[in-house]
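# Per-entry structural report
What follows is the residue order along each chain.
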Amino acid sequence: MSTMNWKRRFTLCECAVMVLLLGHMTSALEVPLDSKVLEGLPQPPTITHQSPKDYIIDPRENIVIHCEAKGNPHPSFSWTRNGTHFDVEKDHKVITRSNSGTLVIDISEEKAEAYEGVYQCMARNEHGTAVSNNIVIRQSKSPLWSKERNEPITVQVGVSLILHCRPPAGLPPPIIFWMDNNFQRLPQNSRVSQALNGDLYFSNVLAEDTRNDYICYARFPHTQTIQQKQPITVNVLNDRPAGERKPSFMYPSGDSSTVSVLRGETLELECFADGLPTPEISWTKANGDLPNDRFSFHNFQKTLKITEVMEADGGDYHCLARNRLGNAQHIITVVVKAAPFWISAPRNLVLAPKEMGMLICHVGGNPKPTITWLVNGVPIENSHKDPSRKIEDNTIILSDVQTGSSAVYQCNASNEFGYLLANAFVNVLAEPPRVLTPPNYVYQVISNRQAMLDCASFGSPIPKITWFKDGQTAIVNGDSYILHENGTLQINVAQPLNSGKYTCVATNSLGNRENHVYLEVKEPTRILKQPEYKKVQRSSKAVFECKVKHDPTLIPTMTWLKDNGELPDDERFVVDSDSLTINDVTQEDEGTYTCIMNTTLDQDSASATLTVVEATAAPPIIYERPDPPRDLELTDQKERSVQLTWTPGDEHNSPVQSFLIQYEDSLHEQDVWNNMTEVPGTSTTAHLDLSPYVYYSFRVLALNDVGLSEASIPSNQYRTNPASPDENPSDVEGTGTEPDNMVISWNEMTGLQSNGPGLQYKVSWRQKDTDEDWMSIIVANVSEYVVTGTPTFVPYEVTVQAINDYGSGPKPEVVLGYSGEDRPTMAPESVKVLVQNSTVAEVHWEPIPPSTVKGKMLGYKVSYWKEKSLQKEDSKPEKPQELTFSGNETEGRLPDLQPYSQYSINVRAFNGKGDGPPSTNQKFETPEGVPGPPTFLRITNPNLESFTVEWGPPVDDNGRITGYILKYQPINNTEELKEMTLLANETSVILENLKYSTRYKFYLNAMTIKGSGPIVTTAITIMDEAMTSRQVDIATQGWFIGLMCAIALLILVLLIVCFIKRNKGGKYPVKEKEEAHQDPEIQPMKEDDGTFGEYSDTEDHKPLKGSRTPSNGTVKKDDSDDSLVDYGEGGDGQFNEDGSFIGQYSGKKEKDTAEGNESSEAPSPVNAMNSFV
């Protein structure tokens, strides 16, 4: 069989052989022994239960040595004792349990010592032999204390003292404690404490240490007996008291010592120091921290305990004893050894004939364990030679196995500290496939949910599972289906079209077996109309609707709940198929009502609230804020809590909903009141949890519907003692600002959070997923620390722990941070541009390698710019444009390009630090496009027979201009549009033979090989232009100008004469004449200065006497409305691109204004003459 096949086989055996009925692999690696499905399937023995290696027995009870095993056929059992066969049948005191290898030894008439020894159980059948561990049987012992006479001990006050216990060696070792004659434990503290060996250490003795009943007791746990040492008498004298002295060590002695411990065990280090005053003990580890979650201090800091010791716990531990006179240090070197431990134990193999397999015995230990192999309990070198078996150190390789070669292999790994023994069978089977999933099983699933169809099977070789739907082609892995190794078919999102018959076929070299299952995809249950919020009057009716849609083949069940509980058992509640009716509503009916529609596969629910109000409005009540509480009192005063009680004030017709309790910390924030807690309005007391190192004052406020009351009078001040911090700084982050640093920042803790004086922060960091030790530094009064010399953008584990003068805060949470980013160091490669059309192109590139990103990849920037136009030789490069593509995109579109142009482009990656180097500039060209509109279109040189049409070339030619199309036709006429095709180098054309007095509209556009561009238009009337030209000629004639000047001079002379006559002596009855004639043209002069009066607005527009005025009061126009003469001064009519005339009304407005000015500035000559009559 191929290597691929045996790897597949081995992998399955590592994960599971037995597949459960639901299609999921079990963790047991064994052949299934279902008597109905797999009856008669052979299996070598497997030990399932055995006694511990070191078995200490109680001599008062029978000895029970366990050995249970399974296999097919069921195994038989035998035992060895001290390496030789133990014939249990010849010893009438030994009984073997039925169908088991467990021994029961009756020692009621025999000493237990007779059965001490090393036992080993063997379970065998025709397919192999499994063996148990070596089980060492030892009797528990509780020996008496050796007789001794304890002389009284006399010491001076202040000296150190050791009281030795020296308990008898028991099995297991006894538990030691010191008591007095009254069986009361002797008090222990930092001055007096007990060592692990039972000795009692006094750092210095006091006069009250004098007593005659220092008694050491040893309790033996197996026999539950207690042995007592003879009492020790201690007399403490005060005639020559010892003076104060710096610490020195009573145990361990010297400056250093060494302790060995095994991996996985518990390490206990202890230090006892002499000194006066009593020394304080502290522990540190050289070049590292103590393991956070595995160390603890005991015995008043004198014992350091580390559980589940690992190799990293080895090293030097410093025990420091300190008082005010000095300190002493002892270094304990811890050496970690290791008994053998499993890295990967060998696993059972089920192989088909001719297949390959591998047994691996992977162990660790210090020193390195020795591995030996056994087969069926016999050293493998003493067993018969098997050419299919090859041993390489810790691995047995089996190849081309044969039927009948099943066996049980044992791996034994040992060193000086212990051994490991594991059994692993190799079962060679040739079995055709068997499908274990029940046939014709029906799976039901809701639409759009996941469906799992099982095909549990067994066979050797391992069967290959193939699925078919409705008997059609095989189902393969894809977006819709996933085929699992255990044969299960997964449909990610089941749809109605997935319903049908599914067939799984299990196939190996010995045959095949198929099984049919069915999938039914159901419609989901949905509430179409949800119940709505109801506000009803008491004694009325409330109706909640709940209309549901569900699959018709599923049986629905409607359930109604009130406040997540059952509906009241009341006939007023009526439940219909799609509604809930509550008759005669009461106040107790208020709450939240939920309808739940259940089917066998799914459910849906919805809720609504019912509010009950009074039927009639109550008389008005005056509501006010409550009065402040009073009589505050502090009771049950403890270190970290206190009880606050008060008397409520008047509620003023609005019940108090809650009481708000506030506190002031006069030590850290005087005159600042903070909210502490809130209690219901029915309470008049509150239990308050306090923080250390705070000077508390409390006050209470009451809250009702109107608002908060005034604050109560503050309570008496309550001070708490300092303690170690209860919390660590928040919002810890690690972010780099430079490529070689990481800034660790946090929120500084408040004085309230510090719990004591001397607040500092222990900042620790190490690179993630490495074997580096934690680095630490202690800082104060800052909120960040900069770690320098870091690699660029690598993850770090970061912690910040609060420390004060009274200890450290809790174990800090590990936060993931990153060192600083650097700019990407590599430019994208393989930059290619695909031109889509004249204005759009696509750019593609290869992503840069992750190692060159040097930070968090944000995306790519594409810069492109127009180098030149392919049509205009003197064009200049344009300013670059930039597009940004996020993430790992490797392509993008370049929009709004200029046709027929040459572009340059480059691509660069960027991260949070900035942009990387750009790629080499790539050039590309855009094809020609349609041109832009001509820059202008105008009519020049108009006359009655012809005129000239002029235009400017387009600004955006977008290619080579191939010509122009000029179209024109009369406006409001049915004549066809005339069209002229003009050459590219033409910018004007003369049109002749056009109809007189006709308005024409003109259309012009440019062309390239890609087509025609936008059209510009203009319009002109042939007659208007000609007459405008004539009027310009008359207005410029010399005789006309001379006539106008003469008239102006005559008017000036008349005005001068008029003014001279008026200024002569004597008065003329002008006013009377004016009143008699009632001439509206003549106005009285002002009396103060003799000047003419101003004309009114209505008179400004009256004609002179003798002028002709039509009956309708309008002036007749001589020209038609379409004439251009009234609107301009020259013959050159200017047009916009849309054909409208530029400034068409300006000439006429100026004319009207001039006429108004003439009538208001001077009276007419006729009126002036009448003034002399």
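What counts, and at which threshold
- Residues numbered from 1 in each chain as written.
- Predicted model: local features only at pLDDT ≥ 70, side-chain atom pairs only at ≥ 80, totals over all residues.
- Heavy atoms only, no water.
- Buried < 20%, exposed > 50% of the residue type's maximum accessible area, 1.4 Å probe, protein only.
- Helix = DSSP H or I, 4+ residues; strand = E, 2+ residues; numbered from the N terminus.
- Pairing = 2+ DSSP bridges.
- Patch = residues over 30% accessible without salt bridge, like charges linked within 9 Å, V, L, I, M, F, W, Y side chains within 5 Å.
- Areas by Shrake-Rupley, 256 points an atom, 1.4 Å probe, with all protein chains shown as cover.
- Salt bridge = Lys/Arg side-chain N within 4 Å of Asp/Glu carboxyl O.
- Disulfide = S-S within 2.5 Å.
- Lys, Arg positive; Asp, Glu negative; His and termini not counted.
- Charge placed at Lys NZ, Arg CZ, Asp CG, Glu CD.
- Core = buried A, V, L, I, M, F, W, Y, C linked by side-chain atoms within 4.5 Å.
- Contact = heavy atoms within 4.5 Å.
- pLDDT = per-residue confidence, 0-100.
- Axes fitted to C-alpha atoms, helices over the stretch in contact; angles between N-to-C directions.

## Remarks on the pairing of strand β19 (residues 232-237)
Only one face of β19 is covered, namely the face carrying Ile232, Val234 and Val236; the face carrying Thr233, Asn235 and Leu237 is uncovered. With four bridges connecting them, strand β12 (residues 153-156) and β19 associate as parallel partners. Bridged to threonine 154 within β19 is asparagine 235. Pairing analysis gives two bridges linking strand β17 (residues 211-220) to β19, with the strands arranged antiparallel. Considered in β19, the bridge of tyrosine 214 is made with isoleucine 232.

## Some thoughts on a nonpolar patch on the surface
Together, Trp1039, Phe1040, Ile1041, Leu1043, Met1044, Ile1047 and Ile1051 make up an exposed nonpolar region whose accessible area comes to about 660 Å². Tracing the backbone through its elements, the reader meets isoleucine 1051 in helix α4 (residues 1038-1062).

## Examining unusual backbone geometry
Residue proline 277 is bonded to the preceding leucine 276 through a cis peptide linkage, with omega at 0°. Of note, the amide linkage connecting serine 460 to proline 461 takes the cis form, showing an omega dihedral of 5°. Following the sequence through the fold, proline 461 ends up in the loop between β41 (457-460) and β42 (464-469). Positioned with a positive phi, asparagine 653 is a non-glycine residue whose angle comes to about 70°. In this structure, asparagine 653 sits in the loop between β58 (641-647) and β59 (658-665). Positive phi, close to 55°, is recorded for aspartate 731, a residue that is not glycine.

## What about the state of the cysteines?
Applying the stated criterion across every chain, the model contains six disulfides. Each sulfur in the disulfide pair cysteine 165 and cysteine 216 lies 1.9 Å from the other. With the S-S bond torsion at -75°, the cross-link from cysteine 165 to cysteine 216 turns out left-handed. Note that cysteine 165 is positioned in the loop between β13 (161-163) and β14 (175-179) and cysteine 216 in strand β17, a separation of 51 residues in sequence. With respect to class, cysteine 165 is no different from cysteine 216; both count as buried. In the protein, the cysteines engaged in disulfides, taken in order along the sequence, are linked 1-2, 3-4, 5-6, 7-8, 9-10, 11-12.

## Here's the deal with a negative patch on the surface
Judged by side-chain charge, Glu624, Asp627, Asp650 and Glu651 come together as a negatively charged surface patch. Following the sequence through the fold, glutamate 651 ends up in the loop between β58 and β59.

## With respect to the nonpolar core
Of all hydrophobic cores here, the largest spans 30 residues; its most connected members are Ile65, Trp79, Ile105 and Tyr119. For this core, the secondary structure elements donating two or more residues are β2 (54-57), β3 (63-65), β4 (67-72), β8 (103-105), β9 (117-125) and β11 (135-139). Not counting residues within four places of it along the chain, the set of residues in contact with isoleucine 65 comprises Ser51, Tyr55, Trp79, Gly101, Thr102, Leu103, Ile105, Tyr119, Ile135 and Ile137. Formed by 20 residues, the second largest nonpolar core is a distinct cluster that contains Leu161, Leu186, Val205 and Ile232.

## A few points about the environment of isoleucine 153
Tracing the backbone through its elements, the reader meets isoleucine 153 in strand β12. On the basis of relative accessible area, isoleucine 153 is assigned to the partly exposed category, the value being 24%. Spatially, the C-alpha atoms of isoleucine 153 and isoleucine 232 are 7.8 Å apart, while their sequence positions differ by 79 residues. If we skip the residues at most four places from it in the chain, isoleucine 153 touches Leu161, Leu163, Ile232, Thr233, Val234 and Asn235.

## Topic: the environment of alanine 123
Its location among the elements puts alanine 123 in strand β9. By relative accessible area, alanine 123 is classed as buried at 0%. For alanine 123 and phenylalanine 77, which are 46 residues apart along the polypeptide, the C-alpha to C-alpha distance reads 4.6 Å.

## A word on the sheet that holds strand β60 (residues 669-680)
Taken together, the four strands give an open sheet; going across it, the order is β60-β59-β62-β63, and neighbouring strands pair in antiparallel fashion. Edge positions in the sheet fall to β60 and β63 (718-719), since each has one partner strand and no second. Pairing between β59 and strand β62 (residues 695-703): eight bridges, direction antiparallel. Each bridged residue has a counterpart across the sheet, and for glutamate 664 the counterpart in β62 is serine 697.

## A few points about the confidence of the model for the protein
Across the protein, the average pLDDT comes to 83, with 85% of residues at 70 or higher. Within the protein, the element-level pLDDT minimum falls on helix α1 (residues 3-15), averaging 34, and the maximum on strand β16 (residues 200-202), averaging 96. When the criterion is pLDDT under 50, residues 1024-1033 qualifies, and its contacts beyond four places in sequence or with other chains add up to 23 contacts. Note that pLDDT drops below 50 for residues 1065-1173; the model gives that stretch 100 contacts with residues more than four away or on any other chain.

## A word on the sheet that holds strand β53 (residues 573-575)
The antiparallel open sheet is built from three strands, whose spatial order is β49-β54-β53. If you trace the sheet from one side to the other, it starts and ends with β49 (542-545) and β53, each paired once. Going across the sheet, the axis of each strand differs from the next one's by a mean of 15°, ignoring polarity. Pairing between β49 and strand β54 (residues 579-582): four bridges, direction antiparallel. Residue alanine 542 lies in a different strand from β54, and its bridge partner there is isoleucine 582.

## So, the pattern of salt bridges
Evaluation of the coordinates by the stated rule reveals 38 salt bridges. Note that lysine 529 is salt-bridged to glutamate 545, the shortest N-O span being 2.7 Å. Note that lysine 529 is positioned in strand β47 (residues 526-529) and glutamate 545 in strand β49, a separation of 16 residues in sequence. Classification of lysine 529 as partly exposed rests on a relative accessible area of 34%. Here glutamate 710 and arginine 625 are joined by a salt bridge, their closest N and O atoms 3.5 Å apart. Residue glutamate 710 is found in the loop between β62 and β63, and its partner arginine 625 is found in the loop between β56 (603-613) and β57 (630-635); the two are separated by 85 residues along the sequence.

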